[in-house]
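# Report on the structure
Spelled out from the first residue to the last, the chains are:
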Amino acid sequence: MGADAALLLLADSRLPAGGHAHSGGVEEAVRLGAVTGTGDLARFLRGRLATAGLVTAALAAAACELAAADDPADDPADDPADGVELWRRLDAEADARTASPAQREAARTQGRLLLRTSRRMWPSAALDTLARAVPEGPHHPVALGAAGASAGCTPRQAALAAAYTSVTGPATAAVRLLGLDPVTVHRLLADLAPALDDAAHAACASLGDAARQGRWHALPGHSAPALDLLAEGHLTNPMKLFVS
């Protein structure tokens, strides 16, 4: 499969990996009155892309790069245990960059679903190793990057898919929650196109020799305290349309 076609499949909200059940914090923002219309939503999406979106894009790019290198055919002498340890280390980097327990749980649920789907669509040694390394389910961007590599995508394409899904989920959730005009909301997403490209470029720029050796300390860790608080509030809200 061509990398461009695989990228479209990975970014498709109809992919059975649980993306439709994630509002990215916008449901709780709507409940609290922080997002009431397209103006608020535009600011929410731009802020989410600049923080959580950039972090997930960088993690996806790193996972894609690691998965591409985690191929026994490249070097049969490689110790499989080394691959397991590297995947655990990268997943721990994702954990460290996710302050909210609710967000960590949601990311692992999505990652587990995406990994299960991807292993059926694009079977690979890297996906098998990731499943062994993080049996409870890897963080979603880690699974996304590994799936992207298995499908033939580059780290930049994996980063772009992660950045894209970080805003499209909240955007489509807002349409359902507020009854917004879908065309108007998609215009907001179109306006974000240059920022999506910039996020993917910045995500890949954070990769380097250290990352290739399994040291990912240079990956961005932009915090988003408001999103963390929204996630924790949403977790305890008994009435909700989206699970996260």
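Relevant structure appears above.
Residues numbered from 1 in each chain as written. Predicted model: local features only at pLDDT ≥ 70, side-chain atom pairs only at ≥ 80, totals over all residues. Heavy atoms only, no water.

## A short note on the overall build of the chain
Heads up, the condition is: Helix and strand assignments come from DSSP, with helices taken as H or I runs of at least 4 residues and strands as E runs of at least 2, each series counted from the N terminus. Radius of gyration means the value over C-alpha atoms here, while the globule rule gives 2.2 Å times the residue count to the 0.38 power. Partly exposed describes any residue whose relative accessible area lies between the buried limit of under 20% and the exposed limit of over 50%, with all areas from a 1.4 Å probe on protein chains only and scaled to the type maximum. Contacts are residue-level and defined by heavy atoms, with any inter-residue pair within 4.5 Å sufficient. Values of accessible area rely on a 1.4 Å probe in the Shrake-Rupley scheme; residue burial ignores everything except the protein chains shown. A residue counts as positive if it is Lys or Arg and as negative if it is Asp or Glu; His and the chain ends are not included. Note that the charge is assigned to NZ on lysines, CZ on arginines, CG on aspartates and CD on glutamates.
A count of helical and extended segments in the chain gives twelve helices and zero strands. For the chain, the sequential pattern of α-helices and β-strands runs α-α-α-α-α-α-α-α-α-α-α-α. Whereas a compact globule of 244 residues would reach a radius of gyration of roughly 18 Å, the chain reaches 17 Å, a difference of no more than 12%. The C-alpha extent of the chain, read off along each of the three principal axes, is 55 × 35 × 30 Å. Counting every position in the chain, which comprises 244 residues, the buried fraction comes to 52%. Taking the contacts inside the chain whose residues are at least 6 apart along the sequence as the reference set, 83% of them involve residues at least 24 apart. For the chain, the accessible area works out to roughly 11,200 Å², and carbon and sulfur atoms hold 57% of it. Across the chain, 21 positive and 27 negative side-chain charges occur, with their mean positions spaced 6 Å apart.

## A few points about the environment of Ala17
Tracing the sequence through the fold places Ala17 in the loop between helix H1 (3-11) and helix H2 (26-31). Taking the C-alpha atoms as reference points, Ala17 and Ser118, separated by 101 residues in sequence, lie 8.9 Å from one another. Contact partners of Ala17, with chain neighbours within four places excluded, come to Gln110, Leu113, Leu114 and Thr117.

## Topic: helix H9 (residues 182-191)
Basically, it comes down to this: The arc in question is the one traced by the directions running from the helix axis out to the C-beta atoms.
Along H9, the positions that sit buried rather than exposed are Val185, Leu188 and Leu189. All buried residues of H9 project into a common sector of 100 degrees when viewed along the axis, lining one side. Among the exposed residues of H9, those oriented more than 90 degrees off its buried face are Val183 and Arg187. Buried residues belonging to H9 abut helix H3 (38-69), helix H8 (155-178) and helix H10 (193-205).

## Considerations on the environment of Leu113
Tracing the chain through its elements places Leu113 in helix H5 (residues 101-121). Assessed through its relative accessible area of 24%, Leu113 is described here as partly exposed. Distance from Leu113 to Tyr164, taken between C-alpha atoms, is 19 Å for residues 51 residues apart in sequence. In this structure, Leu113 is in contact with Pro16, Ala17 and Gly18, ignoring residues within four places of it in sequence.

## So, H5
Where we set the bar: By this rule, a helix spans an expected 1.5 Å times one less than how many residues it contains.
An ideal rise of 1.5 Å per residue puts 30 Å on 21 residues; H5 measures up with 30 Å between its terminal C-alpha atoms. Within the sequence span of H5, burial applies to Ala102, Gln103, Ala106, Ala107, Arg108, Gln110, Gly111, Leu114, Leu115, Thr117 and Ser118.

## Quick word on the pattern of salt bridges
The cut-off we apply is this: In the sections that follow, a salt bridge refers to a side-chain nitrogen of Lys or Arg positioned within 4 Å of a carboxyl oxygen of Asp or Glu.
Under the defined criterion, the tally for this structure stands at nine salt bridges. Here Asp91 ties to Arg108 by a salt bridge, and the two come within 2.7 Å at their closest N and O atoms. In this pair, Asp91 is assigned in helix H4 (residues 80-96) and Arg108 in helix H5, connecting sequence segments 17 residues apart. The buried category is assigned to Asp91, whose relative accessible area is 4%. Of the residues examined, Arg108 reaches a relative accessible area of 15% and is grouped as buried. Linked through salt bridges whose partners overlap, the residues forming this network are Asp91, Asp95 and Arg108.

## Remarks on the packing of H5 against helix H6 (residues 125-133)
We count it as follows: Each axis is a line fitted through C-alpha atoms, taken for helices only over the stretch in contact, and angles between the N-to-C directions span 0 to 180 degrees. The cut-offs work like this: below 35 degrees is roughly parallel, past 145 is roughly antiparallel, 65 to 115 is roughly perpendicular, and the gaps in between are oblique. Left-handed describes a crossing whose near helix is turned anticlockwise from the far helix through less than a right angle; right-handed describes the clockwise counterpart.
Close contact between H5 and H6 brings their axes to 10 Å; oriented N to C, the two are set at 150 degrees. By the angle class used here, H5 and H6 are roughly antiparallel. In this structure, the crossing between H5 and H6 has a hand that is left-handed. Between H5 and H6, the residues in contact are Leu115, Ser118 and Arg119 and Leu127, Asp128, Leu130 and Ala131, respectively.

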